[in-house]
Amino acid sequence: MEQIRNDFTFHATTIEEATALLNSDTEQGLTIDDAKQRLEHFGSNAIDEAKAISPFKILINQFKSPIVFLLLFAAGMSFWFKEWLDGIAILLVLVINAAIGFYMEFTAHKSVKALKKLSSIPAKVLRSGKLHEINSEEIVPGDIVYTEAGDMIPADGIIIRSTQLLIDESALTGESVPVEKKNAVLPEETILGDRTNMAFKATNVSKGNAHILVGVTGMKTELGKIANLVHSSKQAATPLEKKLEEFSKRLIFITIGIVVLIFIIGLINGEPIIAMLQTSIALAVAAIPEGLPIVATMTLAQGMLKMARYNVIVKKLSAVETLGGTNVICTDKTGTLTQNKMEVVFVETPSGTWKKEVDFNGSKEQLDLISKGAVLCNTADIRTSGKEVKEIGDPLEIALLKFAKDKGEDIDKVRKDFLKKDEEPFSSETKIMSTLHEHDGKFYVFAKGAAEELLLKCTEVFEDTLVAMDATKKEQWIASAERFAASGHRMIAMAYRKTDSTPPSLVEELVFLGLVGMIDPPRPEVQAAINDCKTAGIKVVMITGDHPSTAHFIGTQLGISTKEEIPVIGKDMKEFEELGEEEKQHWINTSVFARVNPKHKLDLVKVFQEKGYVVGMTGDGVNDAPAIKKSDIGIAMGLRGTQVAQEVSDMVLKDDSFSSIVVAIKQGRIIFENIKKFVTFLLSCNLSELAVIAVAALMNFHFQMLPLQILFINLITDLLPALALGVTRGSADIMKLPPRNSSEPIVDKSRWKLIFFYSLVIASVSTIGVLINHFYFHNENASDAAVCNNILFFTLIFSQLFHVFNMSSGPFFNNEVIRNKYVWYSVIASLLILMGVIQISYVREALNIVSMTLQEWIIILSASISSVIIIQVVKSLKLFKEKELPK
């Protein structure tokens, strides 16, 4: 194989130079043997995919938690001391938690996999002078590719020759309107979105056909460069993961400190080392809320299932909560905020203005001619087969057909009545398309195109009657077109001519009819969703590759930005490493970014994250993927979303509805509030057990809690109420509150105060209940020690069960916890399980359960109820600040 080069600037090179450097032939293409050698040399024309997460890794990830590590250590120590039941019980907790988390995340990954589209596409190439259809992955640099309307471009290359070629590059650049492509040589500094002499991999041909000289393939294409950005971009841990890890580390630190302190004091008091080690295990088991991993997982899973009902696939459990803390949503425009299709929104004529749902007070004949011209000077088509509607052609022309159809035109009938005789296609030179038709013995010319060009061809204007078109009128109409274009509209002018015979030219002596204004309209539900975000204190930032005026118009229309705000343009954006503080702050204060590339989007996400924002990034195109991955919560579209975007996202919107994000945010906020509720509940329960064990050890009491008894309390009586707190309905005003601070821990200082207060009350009433029974009704003997142990055991159980009703901020008999039916179900179910389990002789023996008198049961219940009364009295006296109360 002869030496070839494909490292030059393609868009700034002539076809002849590029062909020579690539050692190709524009008429014959490559030989079959040469193509095979190049395939071996350059490799497959494929994009490297990020390695899919394996089921085994998903399973292993369920055990990556400091609390899990501590519980594994406690289980190991239990087995060391041959406390088999304790060790097995701890391991069982970990297995149940891992199974739930694995099932939910594995199912989500399978759902996303089902959304992926087949990536292998055919391509037509010229080999040895003949057109062959091959797998696009076999294309090599130097190949001549033939492509036409409906095809996907298989590799990056230069346009050799083309006919009316329009390419939709929205997935790559964000430009919503198909771009006209032709053979040309452009300046070297031309940005990607303006390289009109090139075609890029994974973009789609909307109209026309072309022969393309392939320059680069696979990972060297623009798509490949974006894939490299995706692979090199590190995915940030979600805020919940960070908070849980921070909380777990703090809890472990406290636990180890207390255990070591008690162990040392025990040894100083002359206690045997083995006995103190066993007490230490009991302390560790008491301090760590074994149910926390299960409750957190189940709460997130419930939110995950709830979101699925709103067509949101959540790929990672912790991502459910992250949305609740999101305070910035960076969103692509094309296809996310807008419909990714053109729509006629107004027609400006000399006799009046037509707008949707507004009566037209101008010339009906004039509007009728415009709607006929929209059908006849048009190569697009809308075909209906049953319930299926297929749109074929340029989106701009499809928008004109829909406009005419809405005006009552029968497309097929009009085209049949006005028989097409000739056509002058649109070109970048003339910027005009015109067609000739015959109807009832007369000839009609209909033309459309750029206002500044078409008006030059008009000699008359249709006002009340046909009047001469002078220079002043032309300038006025051109100024009108420019004014509308500056507000984000795509403008075309319409004209016609009626003659008795075939005219010598289709672009001369035309009659000006008016201007047609089009825009890629916002999705219907987006406005309300953005308003909800603003009410919730969430900043919405639009970042797009589209034209600045279009981006500004859509941003203003949706309320994302104000009319006075000037969008930041991509060419003015520096690299992240070069940004100063003032420039970063300017980015943060800006709501609309236009003409940006994938690197700009990634840098913008980095700037927000550096300033402490929790960033959500939505998008559907390949160009969105790096920023989606880098963001705290990446959201891809399911219907229009590219495979690359879906793979790197945290969640996928199956219905592509932006409003689903608001539902997810609300659910995330509710979940975080519920997490704080059940963490407060579990910690206060566990620390009360820790306090009881510590006091018994330090005071050298003759009774003590056993590790298995503590596990029984934590799993049988604490778990169900905690789960019930996890599904408490949120406040109706939760979306009217500002986003919480991203640095806010799950348990802040005020909540720690509450937890210690709750623990002290429960531990005190439990210990006092035992001491009252011991000193007033029993002597210190072996039997009394067992009874004291049982009183302590059951008082802790009932105190903690009743403690769930303290987890509210409103009046005791009218609050969200009292109204939560699942809390009542959980308390009743826990009592029934308790009553049932202790009837089993094996369990009674394992838990050291002995028979007790009615008097002892009265002490247990009295002590348990007194804990609730004490807590409620203290809360009613406002001894704690309101903000310290559970929300």
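Just so it is clear, the structure is predicted and the values come from calculations on it, not from any experiment. (Residues numbered from 1 in each chain as written. Predicted model: local features only at pLDDT ≥ 70, side-chain atom pairs only at ≥ 80, totals over all residues. Heavy atoms only, no water.)

## Considerations on the overall build of the chain
Scanning the chain from terminus to terminus reveals 30 helices and 26 strands. In the chain, which comprises 887 residues, the proportion classed as buried is 55%. Nonlocal contacts in the chain, meaning residues at least 24 apart in sequence, comprise 72% of its contacts between residues at least 6 apart. As presented, the chain carries roughly 38,200 Å² of accessible surface, and 57% of it is formed by carbon and sulfur atoms. (Helix = DSSP H or I, 4+ residues; strand = E, 2+ residues; numbered from the N terminus. Buried < 20%, exposed > 50% of the residue type's maximum accessible area, 1.4 Å probe, protein only. Contact = heavy atoms within 4.5 Å. Areas by Shrake-Rupley, 256 points an atom, 1.4 Å probe, with all protein chains shown as cover.)

## Focus: the packing of aromatic side chains
The geometry of two aromatic rings is summed up by the distance between their centres and the angle between their planes. For the coordinates displayed, the defined rule picks out 16 aromatic pairs. Ring geometry for phenylalanine 418 and tyrosine 444: centres 5.4 Å apart, planes at 70°, overall edge-to-face. Here tyrosine 444 lies in strand S16 (residues 442-449) and phenylalanine 418 lies in the loop between helix H14 (411-417) and strand S14 (419-424), a separation of 26 residues in the sequence. We note that phenylalanine 418, like tyrosine 444, is buried. Measuring from centroid to centroid gives 5.9 Å for phenylalanine 712 and phenylalanine 793, while their planes differ by 50°, and the two rings are tilted. Pair noted here: phenylalanine 712 is in helix H24 (residues 707-717) and phenylalanine 793 is in helix H27 (residues 782-803), with a separation of 81 residues, a long-range link. Of the two residues, phenylalanine 712 and phenylalanine 793, both sit in the buried class. (Phe/Tyr/Trp six-rings, centres within 6.5 Å; stacked < 30°, edge-to-face > 60°.)

## Points about the packing of H24 against helix H28 (residues 821-837)
Close contact between H24 and H28 brings their axes to 10 Å; oriented N to C, the two are set at 135°. When the interaxial angle is binned, H24 and H28 end up oblique. Contacts from Phe712, Ile716 and Thr717 of H24 reach H28 at Ser830, Ile833, Leu834 and Val837. In terms of residue class, the contact of H24 with H28 is made up of five nonpolar, two polar and no charged. (Axes fitted to C-alpha atoms, helices over the stretch in contact; angles between N-to-C directions. Parallel < 35°, antiparallel > 145°, perpendicular 65-115°, else oblique. Nonpolar A, V, L, I, M, F, W, Y, C, P; charged D, E, K, R; others polar.)

## Remarks on the pattern of salt bridges
Following the criterion strictly, the structure yields 32 salt bridges and no others. Residue glutamate 343 is joined to lysine 356 by a salt bridge in which the shortest nitrogen-to-oxygen separation is 2.6 Å. In this pair, glutamate 343 is assigned in strand S10 (residues 343-349) and lysine 356 in the loop between strand S11 (352-355) and helix H12 (364-376), connecting sequence segments 13 residues apart. The exposure class of glutamate 343 is partly exposed, given its relative accessible area of 23%. The partly exposed category is assigned to lysine 356, whose relative accessible area is 40%. Residue lysine 372 pairs with aspartate 368 through a salt bridge whose shortest N-O separation is 3.4 Å. Here aspartate 368 and lysine 372 lie together in helix H12, a separation of four residues that amounts to about one turn. Under the relative-accessibility criterion, aspartate 368 is labelled partly exposed at 30%. (Salt bridge = Lys/Arg side-chain N within 4 Å of Asp/Glu carboxyl O.)

## Quick notes on the confidence of the model for the chain
Here the chain averages 82 in pLDDT, while 89% of its residues score no lower than 70. Within the chain, the element-level pLDDT minimum falls on helix H5 (residues 84-115), averaging 68, and the maximum on S16, averaging 95. Below pLDDT 50 for its whole length, residues 114-119 participates in 12 contacts with residues either more than four positions away or in separate chains. Counting interchain partners and residues more than four positions distant, the pLDDT-below-50 stretch residues 882-887 has 22 contacts. (pLDDT = per-residue confidence, 0-100.)

## Structural notes on the sheet that holds strand S22 (residues 568-569)
With mixed pairing, eight strands are arranged side by side in an open sheet as S8-S26-S25-S24-S9-S21-S23-S22. Looking at strand neighbours, the two that pair on one side only are strand S8 (312-314) and S22, the edges of this open sheet. Judged from the three bridges that link them, strand S25 (residues 633-637) and strand S26 (residues 651-653) form a sheet pairing that is parallel. Bridge pairing in S26 links isoleucine 635 to methionine 651. Contacts from helix H18 (residues 548-557) reach strand S21 (539-543), S22 and strand S23 (592-594) within the one sheet, and its direction differs from that of S23 by about 160°. (Pairing = 2+ DSSP bridges.)

## Notes on the nonpolar core
Of all hydrophobic cores here, the largest spans 86 residues; its most connected members are Phe678 and Val679. Aside from chain neighbours lying at most four places away, what touches valine 679 is Phe247, Leu292, Ile746 and Val747. Counting residues in each nonpolar core, the second largest holds 35 residues, with Cys377, Leu401, Ala404 and Phe462 among its members. (Core = buried A, V, L, I, M, F, W, Y, C linked by side-chain atoms within 4.5 Å.)

## Some points on a nonpolar patch on the surface
A cluster of nonpolar side chains, namely Ile768, Ile772, Phe775, Tyr776 and Phe777, defines an oily patch on the protein surface of about 590 Å² accessible area. We classify isoleucine 772 as partly exposed; its relative accessible area is 38%. (Patch = residues over 30% accessible without salt bridge, like charges linked within 9 Å, V, L, I, M, F, W, Y side chains within 5 Å.)

## Let's talk about the packing of helix H26 (residues 749-777) against helix H30 (residues 854-876)
Put simply, H26 and H30 touch, their axes get as near as 9 Å, and they point 150° apart. Taken together, the axes of H26 and H30 are roughly antiparallel relative to one another. In this structure, H26 meets H30 at a crossing whose hand is right-handed. Contacts from Phe757, Tyr758, Val761, Val765, Gly769, Asn773 and Phe777 of H26 reach H30 at Gln855, Glu856, Ile859, Ala863, Ser866, Ser867, Ile870, Ile871, Val874 and Lys875. Its residues assigned to classes, the contact of H26 with H30 comprises 10 nonpolar, five polar and two charged. (Left-handed = near helix turned anticlockwise from the far one by under 90°.)

## A look at the pairing of strand S19 (residues 490-499)
Burial analysis of S19 places eight of its 10 residues in the buried class, which makes it a mostly covered element. The pairing of S16 with S19 spans seven bridges and is classified as antiparallel. Residue pairing across strands places lysine 448 opposite methionine 494, the latter belonging to S19. Summarising the sheet, S19 and strand S20 (residues 510-519) pair through seven bridges and their orientation is antiparallel. Paired with methionine 494 across the bridge in S20 is glycine 514.

## Regarding the environment of lysine 601
Here lysine 601 shows up in helix H20 (residues 598-610). Separated by 27 residues in the primary sequence, lysine 601 and isoleucine 628 have C-alpha atoms spaced 9.1 Å apart.

## Quick notes on the pairing of strand S7 (residues 204-216)
The pairing of strand S3 (residues 144-148) with S7 spans five bridges and is antiparallel. Of the residues in S7, the one forming a bridge with valine 145 is isoleucine 212. The pairing of strand S4 (residues 156-168) with S7 spans 10 bridges and is antiparallel. By the bridge assignment, arginine 161 is partnered in S7 with histidine 211.

## Here's the deal with the environment of isoleucine 411
Within the element layout of this structure, isoleucine 411 appears in helix H14. Between the C-alpha atom of isoleucine 411 and that of isoleucine 382, which follows or precedes it by 29 residues, the distance is 8.8 Å. Contacts of isoleucine 411, omitting those with residues within four sequence positions, involve Val375, Leu401 and Lys405.

## Describing the environment of threonine 255
Secondary-structure assignment places threonine 255 in helix H8 (residues 239-268). Residues threonine 255 and serine 280 lie 25 residues apart in sequence; the distance between their C-alpha atoms is 9.9 Å.

## Considering the side chain of threonine 618
Its location among the elements puts threonine 618 in strand S24 (residues 615-619). Filtering out sequence-adjacent residues up to four positions away, threonine 618 remains in contact with Ile329, Cys330, Thr331, Asp332, Thr336, Ile635, Met637, Phe658 and Ile661.

## Considering unusual backbone geometry
Although it is not a glycine, serine 128 adopts a positive phi angle of roughly 55°. Within the fold, serine 128 resides in the loop between strand S1 (122-127) and strand S2 (130-135). Although it is not a glycine, asparagine 848 adopts a positive phi angle of roughly 60°. Relative to the elements of secondary structure, asparagine 848 occurs in the loop between helix H29 (841-846) and H30.

## A short note on the side chain of serine 136
Among the structural elements, serine 136 can be located in the loop between S2 and S3. Residue classification places serine 136 among the buried residues on the basis of a relative accessible area of 3%. When residues no more than four places from it in sequence are discounted, the contact partners of serine 136 are Asn45, Ile121, Pro122, Ala123 and Pro154.

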